[in-house]
Amino acid sequence: MNDLSEDDMELISQLYPGVFTRLAPPQGEKPRRRRKKSRGPERGEGRGKRKLSSEQVELLERNFGDEHKLEADRKDRLAAELGLDPQQVAVWFQNRRARWKSKKLEEEYAKLKSVHETAVLEKCRLESEVLKLKEQLSEAEMEMKRLSSNSPPSSATIDAADNP
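An account of the accompanying structure is given in this report.

What counts and what doesn't
- Residues numbered from 1 in each chain as written.
- Predicted model: local features only at pLDDT ≥ 70, side-chain atom pairs only at ≥ 80, totals over all residues.
- Heavy atoms only, no water.
- Helix = DSSP H or I, 4+ residues; strand = E, 2+ residues; numbered from the N terminus.
- Buried < 20%, exposed > 50% of the residue type's maximum accessible area, 1.4 Å probe, protein only.
- Contact = heavy atoms within 4.5 Å.
- Areas by Shrake-Rupley, 256 points an atom, 1.4 Å probe, with all protein chains shown as cover.
- Patch = residues over 30% accessible without salt bridge, like charges linked within 9 Å, V, L, I, M, F, W, Y side chains within 5 Å.
- Salt bridge = Lys/Arg side-chain N within 4 Å of Asp/Glu carboxyl O.
- Lys, Arg positive; Asp, Glu negative; His and termini not counted.
- Charge placed at Lys NZ, Arg CZ, Asp CG, Glu CD.
- Axes fitted to C-alpha atoms, helices over the stretch in contact; angles between N-to-C directions.
- Parallel < 35°, antiparallel > 145°, perpendicular 65-115°, else oblique.
- Left-handed = near helix turned anticlockwise from the far one by under 90°.
- Nonpolar A, V, L, I, M, F, W, Y, C, P; charged D, E, K, R; others polar.
- Core = buried A, V, L, I, M, F, W, Y, C linked by side-chain atoms within 4.5 Å.

Check the secondary structure of the chain and you find five helices and zero strands. In the chain, which comprises 164 residues, the proportion classed as buried is 15%. Taking the intrachain contacts of the chain between residues at least 6 apart in sequence as the baseline, contacts between residues at least 24 apart amount to 58%. Here the chain displays about 14,300 Å² of accessible surface, and carbon together with sulfur accounts for 53% of that area.

Set out below in structure tokens:
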């Protein structure tokens, strides 16, 4: 329900001007980049950030799939198996949990947004239907008045008026 038709958008904009808008990425804005930290002696000479091999990432991903939390003995076992520092394994898991949580939030947001759009469309449809029904009712009442004023009173109407 993410793609609304032009008719749906027109109906929503008429009934709720300025309330329902689509989110569009800002035009011309570049994403911010983080500054690289200086690699001085305080960070350890020769010890830079190493990129993990595809085998290491694959094993870490499999372990993350089993359990998102990392206990100390499991961290040490994985570090030894991968030839990494236990701190690297811990940081990788922390970063992976953050990406996992972010992805979950995005999926939940998309579901809620879809439900919201559906509810707004249904509300607009119902309000439009109520307006049409009110118009029909008004027309029917006018027709009843017109018919009652044009026709002579029937005997049943006279009898009812005479006997209160």
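Here we take up a negative patch on the surface. Among the surface-exposed residues, Asp-66, Glu-67, Glu-71, Asp-73 and Asp-76 lie close enough to one another that they form a single negatively charged patch. Relative to the assigned elements, Asp-66 resides in helix H2 (residues 54-66).

One way to put it is that H2 packs onto helix H4 (residues 86-150) with a least axis distance of 11 Å and a crossing angle of 60°. Relative to H4, the element H2 is oriented oblique. Note on packing geometry: the crossing formed by H2 with H4 is right-handed. Listed contacts from H4 to Leu-60, Glu-61, Asn-63 and Phe-64 of H2 are Val-89, Trp-92, Phe-93, Arg-96, Arg-97, Arg-99 and Trp-100. The residue inventory of the contact of H2 with H4, partitioned by class, reads six nonpolar, one polar and four charged.

This part takes up the nonpolar core. Counting residues in each nonpolar core, the largest one holds 11 residues, listed as Leu-52, Leu-59, Leu-60, Phe-64, Leu-78, Ala-79, Leu-82, Leu-84, Val-89, Trp-92 and Phe-93. Elements represented by at least two residues in this core include exactly H2, helix H3 (72-82) and H4. Other than its neighbours up to four places away in sequence, Leu-60 contacts Leu-52, Leu-78, Leu-82, Val-89, Trp-92 and Phe-93. Grouped together as the second largest cluster of nonpolar side chains are five residues, Ile-12, Val-120, Leu-121 and Cys-124 included.

In total, this model carries seven salt bridges according to the counting rule given. Ionic pairing is found between Arg-62 and Glu-58, a salt bridge with its closest N-O pair at 3.7 Å. With a gap of four residues between them, Arg-62 and Glu-58 both fall in helix H2, about one helical turn apart. Linking Arg-146 and Glu-143 is a salt bridge whose minimum nitrogen-to-oxygen distance equals 2.4 Å. Of this pair, Arg-146 and Glu-143 both sit in helix H4, three residues apart, roughly one helical turn. Several salt bridges share partner residues, and in doing so they unite Glu-122, Arg-125 and Glu-129 into one network.

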